[in-house]
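# A closer look at the structure
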Protein chains: 2
Amino acid sequence: MYRGLVESLAENAGRPILLCVLDGLGDLPIAELGGKTPLEAARTPNLDRLAIKAALGQHIPIEQGITPGSGPAHLALFGYDPVEYFVGRGILSALGIGFPVKAGDLAARANFCTLGADGTITDRRAGRIDTSRNSELTAKLSSGIRIPGFEVFVETEKEHRACVVIRGAGLTEEVSDTDPGHDGLPPLAPKALQPSGETAARVISEFLDQAGAILAGERPANGILLRGFACHRRFPTLLERFGLRSAAAAVYPMYRGVAALIGMDVRPCKDMEEEIRAASKAVSEGCSFVFLHYKPTDSSGEDGNWQAKTAAIESFDSALPAILECGFGVLCITGDHSTPCAMKLHSWHPVPVLLHGGPQRSGWSARFTEKEAAAGALGTFSAVHLMTLMLSSAGRLGKYGA
Amino acid sequence: MYRGLVESLAENAGRPILLCVLDGLGDLPIAELGGKTPLEAARTPNLDRLAIKAALGQHIPIEQGITPGSGPAHLALFGYDPVEYFVGRGILSALGIGFPVKAGDLAARANFCTLGADGTITDRRAGRIDTSRNSELTAKLSSGIRIPGFEVFVETEKEHRACVVIRGAGLTEEVSDTDPGHDGLPPLAPKALQPSGETAARVISEFLDQAGAILAGERPANGILLRGFACHRRFPTLLERFGLRSAAAAVYPMYRGVAALIGMDVRPCKDMEEEIRAASKAVSEGCSFVFLHYKPTDSSGEDGNWQAKTAAIESFDSALPAILECGFGVLCITGDHSTPCAMKLHSWHPVPVLLHGGPQRSGWSARFTEKEAAAGALGTFSAVHLMTLMLSSAGRLGKYGA
């Protein structure tokens, strides 16, 4: 995409936009559904009615053939080039537990592990200790570790998994993992991968020394392994880039975190009903862009449960009338990527898009399915262009050139 | 495409891939075929059966509206950006005759010509001397020319056409053509186009002086004209970029040459049957990527012979069952570009793609035609992304980001 072009045309006026992301929406033909996808098989009277009044298309999340993680896939939907605005694993881990990362923070994924008498790892997952035990250990580490000039946060994720965030001047992500990836080896020393990583390597060494001393008497979790070091940098916000006052209605911390990264006002919700109320409230408060995240389509895809995925789509469909009453001028319904039930994984396949509101080449499609979307008026396009289409549809972009 | 992204995700495992390139496959409606293209008119029961189980799409070889030569078109299919990895005319000429170019070699296309008494060109093609006469002259030049520090190869192409390759240190392609492009003018002196071209200009001058002396007594070919100077640089291989052990099964030297450039193990074949045996053998030897080149679709298109092109497609179709038995996990059938019979030339039109094997959005297309492909599940994409799609389909790419 042309750098800065959309920003230069953005106008601070227009109709409000709602982006509903049905996580992992796209799928593949399923034999048990007679070769239909869950989206084809689902009874979706409300989506069908909307499809005929909307323009359909399909987006490529990153690039043809590339399977995205949730972070890059969402950033692309928000108009952020997912390679330019890469979010490292450690930061995504911190976002996933709702940790409020700040620019300059260095984050890593952590595993509690078991070390043998000779210092080698006997279990990289410390017997998958339970989450409450994990919390006791992170509390000990958080209160016990002191590194002058730096703040250290050790946060529980789940079972043996935790997240470490270090805050202070001069940290970069140019540090090697301490997790060797296999049992039977000793933890690795953190090494600077560039001269700029030396401060971080020193601070992490210090962290590991102190953590080792604190955990030494514990069983079975007497060690900690770090990987995926990532530094957080400030991203330009949706307000700065596109003049959008934005809010996010999401149940899962990870998606709230990605939304927060680009300046969305995050409204934590416990279910879809609350999300719709939050979206409605946000637009009544003057928000011009709301992101509503719907997880069940992805979870069921990851489980390979096509009945559940079909039901999740039908459940979204039944919520659609309430969504349409929220007062948005433009409604876009899409996924962040495909999560085919047959693969139980994210995939690279194109993702159907429905764009309703504003002047659209409508009347082409009687249903919202992968196949109708592929033949839709919007064509096949890179996900990062979706924001431009939503902005234009909402009357929020001026003309390029005279 | 994002530089280095696919490489960073490539995994050294997965199913083997077969890429069948039906050269010049795409076409335009032909009145004599009732407005059908050769692909539409051909009886293709095997392709039809495969189409329903595959995903279709169409690729744009270089960029919308750009007509490619065979070199760039094939490089794009192999995942090499055809502008970044440009292969100059002289090098393509050398590859076309099967000359084993090395990094640093400087190659040029050559014409034997007739010079008048005043030194002006009276015939740029020396009366299209026959190929055997050409061979006598190239042998004389090859054995007669001595330039200290440099090796000189003069190779026969066909009729008046030859290829000159100079090997030695310090050569660049920054040298001007000596062929003025018209009769009635004298040959031009080679000039360095940049200071870095001075060694090459000096060596080429020396070559021309000696060649002039050797040819002086010949009739009608008493001169030689050089154009399209191109230096060969080493390309990263498919193994280095994507972890692919690769082989090429091709009848024509030009396509073998392009395959060799990117590290494919070239298996010369004399016909399609041998190509299929070579592909089968390659996969049984552990190759993870095989390129099979099929020329008749292009030759017939260049001849404007739609009957022959239709027959060539039907002939490929009848070989398809044997191809499917070779043991590949992913099979892609496409062209490198369109060669419409009505144009008798390469063209810029999109090229149909059929991708079979691995998780695909199949069941959409009952035939493999330009029109079905344009409406296919893969959408319209740049040829350089085809490799990514093949790698993903074969389970050879990891996820981007978490």
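Residues numbered from 1 in each chain as written. Chains lettered and ligands numbered in written order. Predicted model: local features only at pLDDT ≥ 70, side-chain atom pairs only at ≥ 80, totals over all residues. Heavy atoms only, no water.

### Topic: the pattern of salt bridges
Residues and elements named next belong to chain A. Note the following rule: One side-chain nitrogen of Lys or Arg within 4 Å of one carboxyl oxygen of Asp or Glu is enough to make a salt bridge. The helix count covers DSSP runs of H or I at least four residues long, the strand count covers runs of E at least two residues long, and both are numbered beginning at the N terminus.
Within this structure, the stated rule accounts for 36 salt bridges over all chains. Here Arg241 makes a salt bridge to Glu7, at a shortest N to O gap of 2.8 Å. Residue Arg241 is found in helix 8 (residues 238-242), and its partner Glu7 is found in helix 1 (residues 5-9); the two are separated by 234 residues along the sequence. If you follow the salt bridges from partner to partner, you end up with Arg133, Glu136, Lys140 and Glu218 in one network.

### Examining the packing of aromatic side chains
Quick note on the threshold: Between the rings of Phe, Tyr and Trp (Trp by its six-membered ring), a pair exists once the centres lie within 6.5 Å; its type follows the angle of the planes, with under 30 degrees stacked, over 60 edge-to-face, and the other angles tilted. Only protein chains enter the accessibility calculation, which uses a 1.4 Å probe. A residue is then buried if its area is under 20% of the maximum for its type, exposed if over 50%, and partly exposed in between. By definition, being over a ring means that NZ of Lys or CZ of Arg is both within 6 Å of the ring centre and within 35 degrees of the ring normal.
Here the structure, examined in full by the defined rule, presents 13 aromatic pairs over all chains. Each ring, one from A:Tyr85 and one from A:Phe235, has its centre 5.1 Å from the other, and the planes form 65°; the classification is edge-to-face. With a gap of 150 residues between them, A:Tyr85 in the loop between helix 4 (70-77) and helix 5 (89-96) and A:Phe235 in the loop between strand 8 (223-231) and helix 8 connect regions that are remote in the sequence. Residue A:Phe235 is classed as buried on the basis of its relative accessible area of 2%. Aromatic rings pair up to connect A:Phe78, A:Phe289 and A:Phe291 into one cluster. Directly above the aromatic system of A:Tyr252 lies the positively charged group of A:Lys295, at a separation of 5.7 Å from the ring centroid. Sitting over the face of the ring of B:Tyr80, B:Arg241 holds its NZ or CZ atom 4.4 Å from the ring centroid.

### A few points about the confidence of the model for chain A
Our working rule: A residue's pLDDT is simply how confident the predictor is in it, with values from 0 to 100.
This prediction gives chain A a mean pLDDT of 96; 100% of its residues lie at or above 70. For this predicted complex, the interface confidence score (ipTM) comes to 0.91, while the overall pTM stands at 0.92.

### Some details on helix 6 (residues 131-144) of chain B
All names here are of chain B. This is how it is decided: To estimate how far a helix should extend, the number of its residues minus one is multiplied by 1.5 Å. By arc we mean the arc of the directions from the helix axis to the C-beta atoms, nothing more. Here, two residues are considered to be in contact whenever any of their heavy atoms come within 4.5 Å of each other.
If you check helix 6, its first and last C-alpha atoms are 20 Å apart, about what 14 residues at 1.5 Å a residue would give, namely 20 Å. Here helix 6 has its buried residues at Asn134, Leu137, Thr138 and Leu141. The buried residues of helix 6 all sit within an arc of 100° when viewed along its axis, so they share a single face. The inward-facing, buried residues of helix 6 contact strand 3 (106-115), strand 5 (151-158), strand 6 (161-167), helix 7 (198-215) and strand 7 (223-231).

### Concerning the state of the cysteines
All names here are of chain A. Heads up, the rule is: Disulfides are defined as cysteine sulfur pairs within 2.5 Å.
All chains considered together, the criterion is met by zero disulfides over all chains. The thiol sulfur of Cys163 is not disulfide-bonded, and the nearest other cysteine sulfur, from Cys231, lies at 13 Å. Here Cys326 stays free of any disulfide, with the sulfur of Cys20 as its closest cysteine sulfur at 8.4 Å. Overall, Cys326 belongs to the buried group, its relative accessible area being 9%.

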